[in-house]
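# Residue-level structural notes
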Amino acid sequence: MKRWLMVLPLALFLLMAVFLYRGLYLNPSELPSAMIGKPFPEFTLPSVQGDKTLTRADLLGKPALVNVWGTWCISCRVEHPVLNKLAQNGVVIYGVNYKDVNADALKWLAEFHNPYQLDIRDEDGSLGLNLGVYGAPETFFIDAKGMIRDKFIGVIDEQVWREKLAAKYQALVDEAKP
Amino acid sequence: MKRWLAAAVLGLSLVGVAQAAIDTYEFANDGERERFRELTKELRCPKCQNQDIADSNAPIAADLRKEIFRMLGEGKDNQQIIDFMVDRYGEFVRYNPALSSKTALLWFGPAGLLLGGFVIIAVIVRRRRVQRTAAPDTLSVEERQRLDQLLDKTKHD
């Protein structure tokens, strides 16, 4: 009998095993964002604090993080101190208060400190929809020209920032320097 | 017994109620209602992964249903609505993904495996048939003589 035919089932089994093993460590709830490489969507929305009207043009000029949050989002509370620390260290962060009650958002910012240079009030979720947001927290990385360059889904903790995201942000900052 | 039966019927009748998300939308005509049903069945909820947005109670699914209803009202066709969703949420939201180099394996993989199975069966069947037809004549002259000897021997024993 042909020897190689006898090895075939074992080879197939090993191939399957490799794929399934890899699958164990993938996170199925992390979707690749369709928005990466596209310009940040146009919007005209009020701000959370004060009665300013914000548009896409307000986000341009500096590379920044755009953090989608809400007071209803429990993991946003976990993330918030980390964002505060980043803001203190000079990271530009804009907020999108997504499908929230504005009074709650104001209370939250007063209580936990405000890391956002601008905070967009997206009460009906229209900007969130155009951003392809499907939960919170989600954080977009935009460059100085307002292109979405990367997206992180889930809580940014110090480890994630150090190991994954700091380098991405730094690359955008370096790129913006003349 | 009768009581059990009544309980079972009642329980089963609740199943349908529990599964479908309920919205109240006023459609302009039946065609639009039908298209809404089709689209919400074909699009997948980005948050809940294995539900279509017609079935899901997640807030994002409700938003997307509202958005589809709005776009239907604006007279957009199905393709435009699907493109709108894919632009934002990626190919993931389609239960019926477009054919591309990335999805080719999904589209043709099962048929390919089936075809492979048929080829293997065909090869096995043919090999057996060849063996069977060849079998009566496979003994050489010496082998036949030896067989006769052995048969004779057993007869004499």
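Further up the page is the structure itself.
The structure contained in this document is the topic of the report that follows. None of the values given here were measured: they were computed from a predicted structure.

Turning our attention to the overall build of chain A. Counting its secondary structure elements, chain A contains five helices and seven strands. Reading chain A from its N terminus to its C terminus gives the helix and strand order α-β-β-β-α-β-α-β-α-β-β-α. Rg of the C-alpha trace for chain A: 21 Å, well past the compact-globule value of 16 Å for 178 residues, more than 25% over. Across its three principal axes, chain A shows a C-alpha extent of roughly 80 × 40 × 30 Å. Here chain A holds 178 residues, and the buried ones make up 32% of them. Contacts in chain A between residues at least 24 apart in sequence constitute 75% of all its contacts with a sequence separation of at least 6.

Here we come to unusual backbone geometry. All names here are of chain A. Of the consecutive residues Ala136 and Pro137, the connecting peptide bond is found in the cis state with omega at -5°. Along the chain, the position of Pro137 falls in the loop between helix H4 (126-131) and strand S6 (138-142). The phi angle at Lys99 is positive, at roughly 50°, despite the residue not being glycine. In this fold, Lys99 is placed in the loop between strand S4 (93-98) and helix H3 (102-112). In this model, His113 sits at a positive phi of 80°, which is unusual for a non-glycine residue. Note that His113 resides in the loop between H3 and strand S5 (118-122).

To continue, consider the pairing of S4 of chain A. All names here are of chain A. Where burial is concerned, most of S4 is hidden: five out of the six residues are buried. Inspection of the sheet shows strand S3 (residues 64-69) paired to S4 by five bridges, in the parallel sense. Bridging across to S4, Trp69 finds its partner in Asn97. Taken together, S3, helix H2 (residues 74-88) and S4 constitute a β-α-β crossover, and its handedness is right-handed. Pairing between S4 and S5: five bridges, direction parallel. Paired with Val96 across the strands is Ile120, a residue of S5. A crossover connection joins S4 to the parallel S5 through H3; in handedness this β-α-β unit is right-handed.

Bringing the interface of chain B and chain A into the picture now. Taken together, the 12 residues of chain B in the interface contact 13 residues of chain A. Elements represented by at least two residues in the side of chain B that touches chain A include exactly helix H3 (59-73) and helix H4 (78-89) of chain B. Here the side of chain B that touches chain A takes four residues from H4 of chain B, the largest share from any one element. Classifying every residue of the side of chain B that touches chain A by side-chain character gives five nonpolar, two polar and five charged.

Turning to the nonpolar core, a few remarks are in order. A general trend in soluble globular proteins is that nonpolar side chains are found buried together. By size, the foremost hydrophobic cluster in this structure holds 44 residues, and its most contacted members are Ala64, Val66 and Ile142 of chain A. Broken down by secondary-structure element, the contributors of at least two residues to this core are S3, H2, S4, H4 and S6 of chain A together with helix H2 (30-42), H3 and H4 of chain B. The contacts of Ile142 of chain A, once residues within four sequence positions are left out, are Phe40, Leu59, Pro63, Ala64, Val66, Met147, Ile148 and Arg149 of chain A.

All names here are of chain B. Its location among the elements puts Asp63 in helix H3. Classification of Asp63 as partly exposed rests on a count of 19 C-beta atoms within 10 Å. Note: C-alpha distance between Asp63 and Ile53 (10 residues apart in sequence) is 9.5 Å.

Moving on, we get to H2 of chain A. Residue and element names in this part refer to chain A. At His80, H2 is deflected by roughly 35°, the largest bend along its length, and proline Pro81 occurs up to four residues later in sequence. Among all positions of H2, only Cys76, Glu79, His80, Leu83 and Leu86 are buried. Immediately downstream of H2, the backbone of Gly90 shows phi near 95°, a positive value.

With 12 residues, H4 of chain B ought to run about 16 Å at 1.5 Å a step, and its terminal C-alpha atoms sit 16 Å apart, in line with that. Packed against the buried residues of H4 of chain B are H4 of chain A together with H2 and H3 of chain B. Backbone geometry just after H4 of chain B places Gly90 of chain B at a positive phi near 85°.

Parameters at a glance
Residues numbered from 1 in each chain as written. Chains lettered and ligands numbered in written order. Predicted model: local features only at pLDDT ≥ 70, side-chain atom pairs only at ≥ 80, totals over all residues. Helix = DSSP H or I, 4+ residues; strand = E, 2+ residues; numbered from the N terminus. Rg over C-alpha atoms; globule rule 2.2 N^0.38 Å. Buried ≥ 20, exposed ≤ 12 C-beta atoms within 10 Å, placed from the backbone. Contact = placed C-beta atoms within 7 Å. Pairing = 2+ DSSP bridges. Right-handed = clockwise from strand over helix to strand, strands pointing away. Nonpolar A, V, L, I, M, F, W, Y, C, P; charged D, E, K, R; others polar. Core = buried A, V, L, I, M, F, W, Y, C linked by C-beta atoms within 7 Å. Bend = angle between axes of the 7 residues up to and from the residue. Expected span 1.5 Å × (residues − 1).

Read these as layout, nothing more, since geometry by itself doesn't imply function.
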